[in-house]
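In case you want the letters, here they are:
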Amino acid sequence: TILILDFGSQYSHLITRRCREHNVYAELLPCTTQLKDINFKPKGIILSGSPYSVYDKDSPHADPAIYELGVPVLGICYGLQEMAWQMKGTVEQCDHREYGFANIKIAKVGGPNPAVDALFEGLGDEMQVWMSHGDQLSAPPPDFHVIGHTPTAPYAALAHASKPFYGIQFHPEVTHSPRGKEVIGRFVLGICGCRKHWTMEEFIGKEIARIRAICGSTGRVIGAVSGGVDSTVAAKLMHEAIGDRFHAIMVDNGVLRLNEGKQVHEMLNNDLGVNLTVVDASDLFLSRLDGIDDPEQKRKIIGNTFINVFEAEAAKIEAAAAEEAQNGDAQGEKKKGRVEWLLQGTLYPDVIESISFKGPSATIKTHHNVGGLLKDMKLKLIEPLRELFKDEVRALGRLLNIPAPLVQRHPFPGPGLAIRILGPVTREQVRILQQADAIYIEEIRRAGLYDQIAQAFAVLLPVRAVGVMGDKRTYEQVIALRAVQSEDFMTADWYVFPPEVLRRISSRITNEVAGVNRVTYDISSKPPATVEWL
Ligand code: XMP
């Protein structure tokens with residue numbers, strides 16, 4: 001394991017990603033973590049960047065014990081300054097904040113200790129890197145060699161003469177540093193000597209064993225599934241571990257995509273063998289949404305109604321399970337216990353979000369989507385994906401034989417079509433949007449463009465537009481199409497379709513979807529727009 005101490009940089013999670021891309025397990029913890037409080041011995045430590053200045057009164061500092069542990073330490077940006085500051089170098093404010101590309105000249109030190117040059121070994125004499133800093137070193141600490149410099153940063157990279165301590169002013173974790181991933185590889189694989197154990201093949205075996213150990217030979221688990229990648233992968237993993245002692249519940253909230261309930265049922269239950277109950281609660285959801293215009297209110301209603309429905313269904317399953325645990329099944333055999341656990345598809349970015357360092361005044365956020373449930377039913381959480389990033393979940397899905405179209409599926413928001421119907425939600429509006437959206441996605445798939453797009457969907461606008469059909473005037477609704485490319489949905493660009501694809505989609509929607517006479521394409525990026533319209 002590589003321990004990454006997070007000093008609050010917006011790029012900290014990317015360091016974790018890059019280590020994992022080298023098949024090395026890395027864990028991000030707040031910079032205030034004391035070594036005595038962690039229950040593993042890292043093979044190396046990376047100090048992240050930070051918005052702070054090491055000299056600020058309230059700036060965060062690393063536990064000095066990290067330098068006594070006998071493992072390599074790499075400081076990145078603030079991490080370099082922190083290491084230098086702790087070892088009596090000097091850090092000063094730059095004349096100008098440096099932000100952007102720079103060329104770093106690599107300086108080979110030579111000499112008796114080859115480890116001094118190990119960080120940039122094989123990377124040539126010069127490389128392009130990304131800088132983002134307001135402070136920099138004005139004097140390195142004693143016993144450090146300069147291993148890289150730029151025209152503005154004479155101490156852009158340092159290595160200790162005899163100990164495995166390294167510091168770099170640039171950000172190797174961002175894609176703007178094209179060889180940054182290799183630098184991280186030199187550190188974790190070469191200098192720390194980590195082996196490439198972090199693979200999804202190994203993860204499956206270990207995680208199934210862990211789930212079995214947690215649940216024992218009789219314990220049961222319930223969990224919600226949506227048909228999305230995360231919940232499907234989590235459900236399949238649970239099924240592999242404990243078979244039909246895992247009970248999946250899918251709530252049809254009436255604002256799913258066309259035929260989604262049926263498709264999820266077929267895929268999870270028939271194809272993957274997961275023990276699944278589909279609850280059609282569309283009447284309840286739509287009645288509670290009746291007349292509601294405000295998107296935040298729609299979200300709240302859908303979230304709360306989901307909890308009500310899920311709880312009621314879970315209680316039924318729990319009651320049946322309790323009876324069986326008491327009296328045995330139809331054959332009178334007692335093989336299964338009570339429902340004790342609730343499955344949640346929490347991913348690592350949510351975990352990072354809740355533990356990452358937000359400065360001295362920030363409180364740490366807790367992260368339970370269905371907190372109410374746990375209190376009432378006294379269920380304990382089981383989160384098999386909490387160490388994984390999204391693309392690791394996809395890789396896991398492929399290994400678990402989940403069909404490829406599902407593994408690559410675009411995200412779909414919990415509140416579903418309700419936040420894509422602008423204005424009040426009615427069955428008729430849902431019907432129009434479902435049909436238009438299905439045509440849109442079908443044509444994207446047919447054109448072979450689905451995997452190039454991060455998210456595509458149709459939106460139903462609350463206006464009527466004039467049109468003409470035959471020699472008659474029409475006055476009907478408008479569909480807006482949205483498609484974006486994005487790495488992480490924090491920013492997004494609108495997708496440039498080949499015109500003939502848009503032409504076909506528009507023509508099919510206006511011809512096939514009763515009530516729509518006009519289609520528009522959304523050419524806004526995020527920011528300033530968001531991905532969803534509401
Ligand atoms: P925005 O609209 O915030 O969307 O740019 C970024 C990503 O988040 C999804 N999204 C949601 N997902 N519940 C969800 O589960 C929501 O209320 C919600 N709102 C937005 C959106 O689809 C996109 O992938």
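Residues numbered from 1 in each chain as written. Predicted model: local features only at pLDDT ≥ 70, side-chain atom pairs only at ≥ 80, totals over all residues. Heavy atoms only, no water.

Notes on the confidence of the model for the protein chain
So, point 1. Considering every residue of the protein chain, the mean pLDDT works out to 92; 96% of them sit at 70 or more.
So, point 2. Below pLDDT 50 for its whole length, residues 360-372 participates in 17 contacts with residues either more than four positions away or in separate chains.
So, point 3. Overall fold confidence for the complex sits at a pTM of 0.85, while the interface term, ipTM, reaches 0.99. (pLDDT = per-residue confidence, 0-100. Contact = heavy atoms within 4.5 Å.)

Focus: a nonpolar patch on the surface
So, point 1. A cluster of nonpolar side chains, Trp 494, Val 496 and Ile 523, forms an exposed patch at the surface whose accessible area comes to about 300 Å².
So, point 2. Looking at where Trp 494 falls in the secondary structure, it is placed in strand β17 (residues 493-494).
So, point 3. On the accessibility criterion, Trp 494 (32% relative accessible area) is partly exposed. (Patch = residues over 30% accessible without salt bridge, like charges linked within 9 Å, V, L, I, M, F, W, Y side chains within 5 Å. Areas by Shrake-Rupley, 256 points an atom, 1.4 Å probe, with all protein chains shown as cover. Salt bridge = Lys/Arg side-chain N within 4 Å of Asp/Glu carboxyl O. Helix = DSSP H or I, 4+ residues; strand = E, 2+ residues; numbered from the N terminus. Buried < 20%, exposed > 50% of the residue type's maximum accessible area, 1.4 Å probe, protein only.)

Focus: helix α6 (residues 260-271)
So, point 1. Residues Glu 260, Gly 261, Val 264, Met 267 and Leu 268 constitute the buried set of α6. Each buried residue of α6 lies within a common arc of 140° when the element is viewed along its axis, so the set occupies one face. Residues of α6 that are exposed and angled more than 90 degrees away from the buried face: Lys 262 and Asp 271.
So, point 2. If you follow the buried residues of α6, they end up packed against α5 (229-242), β11 (246-252), β12 (276-280) and α12 (404-407).
So, point 3. Positive backbone phi, approximately 75°, marks Gly 273, located one or two places after α6. (Arc of directions from axis to C-beta.)

Thoughts on the nonpolar core
So, point 1. Counting residues in hydrophobic clusters, the biggest one holds 49 residues, and the most contacted among them are Tyr 440, Ile 444, Ile 479, Phe 497 and Ile 509.
So, point 2. Take this core: its biggest share by element is eight residues, from helix α13 (residues 427-446).
So, point 3. Residues Cys 19, Cys 194, Val 351 and Phe 389 belong to the second largest nonpolar core, which totals 41 residues. (Core = buried A, V, L, I, M, F, W, Y, C linked by side-chain atoms within 4.5 Å.)

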